[in-house]
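# Inside the fold
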Amino acid sequence: MPVLPGAEPYRHDGGEVGVLLCHGFTGSPQSMRPWAEYLAGRGLSVSVPLLPGHGTRWQDMQLTTWHDWYAEVDRALRELLERCRTVFVFGLSMGGALTLRLAAQHGDAVRGIVLVNPGNKVHGLAAYALPVARHLVPSTKGIASDIAKEGVAEVGYDRVPLHAAHSLRQFFRAVDAELPQVTQPVVLLHSPQDHVVPPVDSARILSRISSTDVQEILLEQSYHVATLDHDAERIFDESLAFVERLAPDLVDGKGSRSGG
C-alpha cells in the first residue's frame, strides 16, 4: 500500500548530536515533522521512522504487534548511534512508551529523553474486553487529531484496529515493568486537557522511573497531539535547550555543530 501523503519517514544528516523521534499509535511521522525540521534546522541529525503498519490503512496495522513497532525504533536508534557521538530520543504518546523502553534497554547510549503526553496504560472497561472483542470486531473509532488548534489535522487512521490495540496494552505492561531501569535525564511535557491519554499516565511514569534529572512541563493550551498544537514551539524550544544543556561541547547556542 502507498504511504499516505505527509506520513513518510524523515531523516536529516546533521552534526554529531542525533535525535530519534517516535510517533504515536495509529499516527505517523507527520505529527513529528515540524519538531524534526526545527531540530534539523539547528544542525542536529534527526531520524523519524514510520512504524510498521502505520501511514497506509488501518487494516495493515492488524498484521503488526508492538514487537514490530519497537524493532523499527530500535533499528533507527542503532543507526543514529553509529553516526553520532551523542543521541537523544523523543516520543509522543505511544512513541513516549517506545522512548522509555529504548532508554531502559540501551542505558547510557541514550543521553536523555523527552516525552510528550506519553501513554502508559489502555484505560477503561474496553481494555479488559480486548482479548475477546478483537476476534469479533475488527476496529473501533479512531483517536487521531485530538488538537485544540483550529485548522490543524493529524495524518492518522480514523479507526483503531483491535488486534493492534490488544498488543498495545501488552506493550504498556512490559514498559511499565521496565520503568525503574530508566535513569537518563528526562523532560516530560503533558497536556491537562488530553482526550486520549489521561494525566495519570504521566504521573505513573514519573513515580516509577529512576531518573534524578527530571523536568515536568504543563502544556496548558494543547490537547493530545501537542506537537501540532498551540504549545508546539514551546516543546521544540524546551527540547533544544535540554540537548544544549546535556551536550554543550557538541552544539553551540544556535544548536548547530560546533568546531573541533
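Residues numbered from 1 in each chain as written. Predicted model: local features only at pLDDT ≥ 70, side-chain atom pairs only at ≥ 80, totals over all residues. Heavy atoms only, no water.

Labelled according to an unreviewed UniProt entry, the protein chain appears under the name Alpha/beta fold hydrolase, originating from Streptomyces tanashiensis.

### Brief notes about the pairing of strand S3 (residues 45-48)
Covered by surrounding structure in S3 are Ser45 and Ser47 together with Val46 and Val48, the residues of both alternating faces. Bridge analysis of strand S1 (residues 10-12) against S3 gives three bridges, and the strand direction is antiparallel. Across the sheet, residue Arg11 finds its bridge partner in S3, namely Ser47. Relative to S3, strand S2 (residues 17-22) runs parallel, the two being bridged by three bridges. Bridge assignment links Leu20 to a residue of S3, and that residue is Ser47. (Buried < 20%, exposed > 50% of the residue type's maximum accessible area, 1.4 Å probe, protein only. Helix = DSSP H or I, 4+ residues; strand = E, 2+ residues; numbered from the N terminus. Pairing = 2+ DSSP bridges.)

### What about the layout of surface pockets?
In this model, the largest pocket occupies a volume close to 540 Å³. Lining the largest pocket are 24 residues; nearest its centre among them are Val122, His123, Ile143, Val160 and Ala165. Going through the elements one at a time, helix H5 (125-136), strand S6 (139-141) and helix H6 (162-178) are the ones with two or more residues in the lining of the largest pocket. Here the lining of the largest pocket is composed, by residue class, of 16 nonpolar, five polar and three charged. (1 Å grid on protein atoms, 1.4 Å probe; cavity = no way out; pocket = protein on both sides within 12 Å on 5 of 7 lines; lining within 4 Å. Points joined across faces, edges and corners; volume = space filled by probe spheres on them. Nonpolar A, V, L, I, M, F, W, Y, C, P; charged D, E, K, R; others polar.)

### Brief notes about the sheet that holds strand S5 (residues 112-116)
Strand order in the open sheet formed by seven strands is S1-S3-S2-S4-S5-S8-S9, with mixed pairing between adjacent strands. The open sheet has two edge strands with one neighbour each: S1 and strand S9 (214-218). Within this sheet the neighbouring strands show an average axis-to-axis angle of 15 degrees, counted without direction. Contacting S5, strand S8 (186-190) and S9, helix H7 (residues 199-208) crosses the sheet at an angle of about 165 degrees to S8. (Axes fitted to C-alpha atoms, helices over the stretch in contact; angles between N-to-C directions. Contact = heavy atoms within 4.5 Å.)

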